Amino acid sequence: MTDVPTVPLGGTDLMISRIGFGAWAIGGAGWRYSWGAQDDRDSIAAVHRAVELGVNWIDTAAVYGLGHSEEVVGRALAGLPASRRPYVFTKCGLVWDDRDPLGAPRKVMEPASVRRELEDSLRRLGVEQIDLYQVHWPGDGRPLEWGAEAPAEAWGTPLEEYWQLMADLRTEGKVRAVGLSNHGPEQLAVAAKVARVDAIQPQFSLLSRSAAADLAWAAANDAAAVVYQPLASGLLTGAFTAERVAGLDPEDWRRGSPDFTTGLARNLALVDALRPVAERHGSTVAAVAVAWTLAWPGVSGAIVGARRPGQIDDWAGAVRLELDAADLDAITAALARTGAGSGPLRP
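Read on for an overview of the structure. One numbering rule holds for all chains: residues counted from 1, following each sequence as written. Side-chain atom pairs in this predicted model are given and counted only at pLDDT of 80 or more, local residue features only at pLDDT of at least 70, and totals for whole chains, interfaces and linings cover all residues. For side-chain calculations, the full set of non-hydrogen atoms in the structure is used, while hydrogens and water are omitted.

Observations concerning the overall build of the chain
Every helix listed is a DSSP run of H or I at least four residues long, and every strand listed is a run of E at least two residues long, numbered separately from the N terminus. In terms of regular secondary structure, the chain is built from 11 helices and 12 strands. The atom set for the radius of gyration is the C-alpha atoms, and the globule formula is 2.2 Å times the number of residues raised to the power 0.38. Taken over the C-alpha trace, the chain has a radius of gyration of 19 Å; the compact-globule value for 347 residues is 20 Å, and the two agree within 12%. In terms of overall dimensions, the chain has C-alpha extents of about 50 × 40 × 40 Å along its principal axes. Residue exposure (1.4 Å probe, protein chains only): buried if accessible area is under 20% of the type maximum, exposed if over 50%, otherwise partly exposed. Evaluated residue by residue, the chain yields a buried proportion of 55% over its 347 residues. Accessible surface is estimated by sampling points in the Shrake-Rupley manner with a 1.4 Å probe; for residues, cover comes only from the protein chains shown. Working note: accessible area of the chain is about 14,000 Å², and carbon and sulfur atoms make up 51% of it.

Focus on the side chain of Asn267
Tracing the chain through its elements places Asn267 in helix H8 (residues 264–280). Non-local contacts of Asn267, meaning those with residues more than four positions away in its chain, are made with Leu207, Leu235, Asp259, Ala340 and Gly341. The contact criterion used throughout is that any non-hydrogen atoms of two residues lie within 4.5 Å.

As for the pattern of salt bridges
Here a salt bridge means any side-chain nitrogen of Lys or Arg lying within 4 Å of a carboxyl oxygen belonging to Asp or Glu. Taken as a whole and judged by the stated rule, the model has 21 salt bridges. Note that Arg32 is salt-bridged to Glu145, the shortest N-O span being 2.7 Å. Taken together, the positions of Arg32 in the loop between strand E3 (19–22) and helix H1 (40–52) and Glu145 in the loop between strand E8 (130–135) and helix H4 (159–172) put the pair 113 residues apart, joining distant regions of the chain. Assessed through its relative accessible area of 29%, Arg32 is described here as partly exposed. Owing to a relative accessible area of 29%, Glu145 belongs among the partly exposed residues under this scheme. One network of salt bridges, with partners in common, ties together Asp13, Asp131 and Arg176.

Some points on the pairing of E3
Sheet topology places E3 next to strand E12 (residues 301–305); 4 bridges connect them, and they run parallel. Each residue of the ladder has a partner; that of Gly20, found in E12, is Ile303. Only when DSSP finds a minimum of two bridges between them are two strands counted as paired. Of the strand pairs in this sheet, E3 and strand E4 (residues 57–59) are connected by 2 bridges, and their pairing is parallel. Residue pairing in the sheet places Gly22 in a bridge with Asp59 of E4. Orient the strands so they point away from the viewer, and a crossover whose first-strand-to-second-strand path over the helix runs clockwise is right-handed. For the crossover from E3 across H1 to E4, the handedness is right-handed.

Observations regarding H1
For a helix, the expected span equals 1.5 Å multiplied by the number of residues minus one. In this model H1 runs 18 Å from its N-terminal to its C-terminal C-alpha over 13 residues, within 8% of the 18 Å that 1.5 Å per residue would give. Every buried residue of H1 is accounted for by Asp40, Ser43, Ile44, Ala46, Val47, Ala50 and Val51. Down the axis, H1 shows its buried residues gathered within 155° of arc, on one side only. Looking at the buried positions of H1, the neighbouring elements they touch are E3, E4, helix H2 (68–78) and helix H10 (309–315). Within 3.5 Å is the distance limit for a polar contact, defined as a pair of N or O atoms, with the added protein rule that one can donate a hydrogen and the other accept it, and that residues adjacent in sequence qualify only through two side-chain atoms. For H1, the capping residue at the N-terminal end is Asp39, with a side-chain oxygen 2.8 Å from the backbone nitrogen of Arg41. Gly54 sits one or two residues past H1 and shows a positive phi near 100°. The arc refers to the directions leading from the helix axis to the C-beta atoms.

A short note on the nonpolar core
The nonpolar side chains of a soluble globular protein tend to be buried, and buried together. Only buried residues count toward a nonpolar core. Its members are Ala, Val, Leu, Ile, Met, Phe, Trp, Tyr and Cys residues joined through side-chain atoms within 4.5 Å. Residues Phe21, Trp163, Met166 and Trp315 are the most contacted members of the largest nonpolar core, which totals 93 residues. Ranked by residues supplied to this core, first place goes to helix H9 (residues 285–294) with 9 residues. Setting aside its immediate chain neighbours within four residues, Trp163 contacts Val135, Val178, Gly179, Leu180, Ala191, Val194, Ala195, Arg196 and Val197. Val7, Tyr64, Ala177 and Tyr228 belong to the second-largest nonpolar core, a separate cluster that totals 25 residues.

Quick notes on the packing of helix H5 (residues 185–194) against helix H6 (residues 212–220)
Angles shown run from 0 to 180 degrees and are taken between the N-to-C directions of axes, each axis being a line fitted to C-alpha atoms and, for helices, limited to the stretch in contact. Two numbers describe how H5 lies on H6: the axes approach to 9 Å, and their chain directions differ by 25°. Classified by the angle between their axes, H5 and H6 sit roughly parallel to one another. Taken together, the residues of H6 that come into contact with H5 (itself represented by Pro185, Leu188, Ala189 and Ala192) are Ala213, Asp214 and Trp217. For classification purposes, an angle smaller than 35 degrees is called roughly parallel, one larger than 145 roughly antiparallel, one from 65 to 115 roughly perpendicular, and anything else oblique.

Section: the sheet that holds E8
Two modes of strand pairing occur in sheets, parallel and antiparallel, and in both the strands are linked by backbone hydrogen bonds. Spatially, 8 strands are ordered E3-E4-E5-E8-E9-E10-E11-E12 in a closed barrel, and the strand pairing comes out parallel. Adjacent strand axes in the sheet meet at a mean angle of 30° when their direction is disregarded. In terms of strand pairing, strand E10 (residues 199–201) meets strand E11 (residues 224–228) through 2 bridges, oriented parallel. Within E11, the position partnered with Ile200 by the bridge is Ala225.

Quick notes on the packing of aromatic side chains
Each Phe, Tyr or Trp ring (for Trp, its six-membered ring) is paired with any other whose centre lies within 6.5 Å, and the angle between the two planes then decides the class: stacked below 30 degrees, edge-to-face above 60, tilted in between. Inspection of every chain in the model, using the stated rule, returns 11 aromatic pairs. Taken together, a centroid distance of 5.8 Å and an interplanar angle of 15° make the contact between Phe204 and Trp292 stacked. With Phe204 in the loop between E10 and H6 and Trp292 in helix H9, the pair connects residues that are 88 residues apart, well separated along the chain. Here Phe204 matches Trp292 in class, with each residue buried. Ring centres 5.5 Å apart and planes at 75° place the aromatic pair Phe240 and Phe260 in the edge-to-face group. Remark: Phe260 occurs in the loop between helix H7 (242–246) and H8 and Phe240 occurs in the loop between E11 and H7; sequence separation between them is 20 residues. Residue Phe240 shares its accessibility class with Phe260, and that shared class is buried. Taken together through their ring pairs, the aromatic side chains of Trp24, Trp31, Tyr33, Trp35, Tyr64 and Trp253 make up a single cluster. Look at NZ for Lys and CZ for Arg. If either is within 6 Å of the ring centre and within 35 degrees of the ring normal, a charge sits over the ring. Above the face of the Phe240 ring, Arg244 is positioned so that its terminal group lies 4.1 Å from the ring centre.

What follows is the structure in structure tokens.
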């Protein structure tokens, strides 16, 4: 599978596989948005398996594991010959307090902070240049509190200012391309007036479909859209049950996610509806879920996470899975019937 299809990363000269390896979960335990304990040896083996199957980029972030994910990715890269090393994408702008690792990181895009983050990421990853450097969240100075209203008191850096900084880093050669994650169409339009946007990274899956407008913006502005959580943090793999959710690691952030609590029954019903589609193609539920995201106009690639090598085999086939009209009809009907997720029902 080393000849997997590739597409341009926006207007850059990078050609990326349509699936990338997501490194959030391999950050390990001991921080606010952990997936629980993780064996670094499994993580490195998973990266190597992804590369073996033709995945040619890894998406991580400084905040994942408070630097640990980048360190593990760096070790995985060091174990590969230079000719096989994948592109490295990482993110800045979520700053944590080492004295309170379980506290919510703040969305900070002050120039001095970003430049410090960049140097730290280069060191942890063991590279001299980052292929795609992304703003993780708008730099409004607020703590990242999912599912809770942020306090009104906040300081921040204007979008125009921090996007000019990102463009400067690209010009300086520290990074090859720059992108914006979790920024909506209005924010993207503001940024594009300052400097070229090479890529965007919205959340997008069968359960989270509201970023369709972001994808349309990317398609109209020659920007790549690499979407995250196409498997809804594992829910769409077909491997979850209510019992498995109940047994998640106490540190696993998913224990408090509405998708895994109040919405769980609807979401598992959707997964069951995907099984006949997977069977018709001799594929897996995970591959069907990822292929659905790749079928949307404007999507360049999907970031799919894994904690062990065997998990990659479940979704790697999505790059060659073509969902036909009958498949899309069946999935659309299942979304309407189960009420799972929100947003447009089909590409």
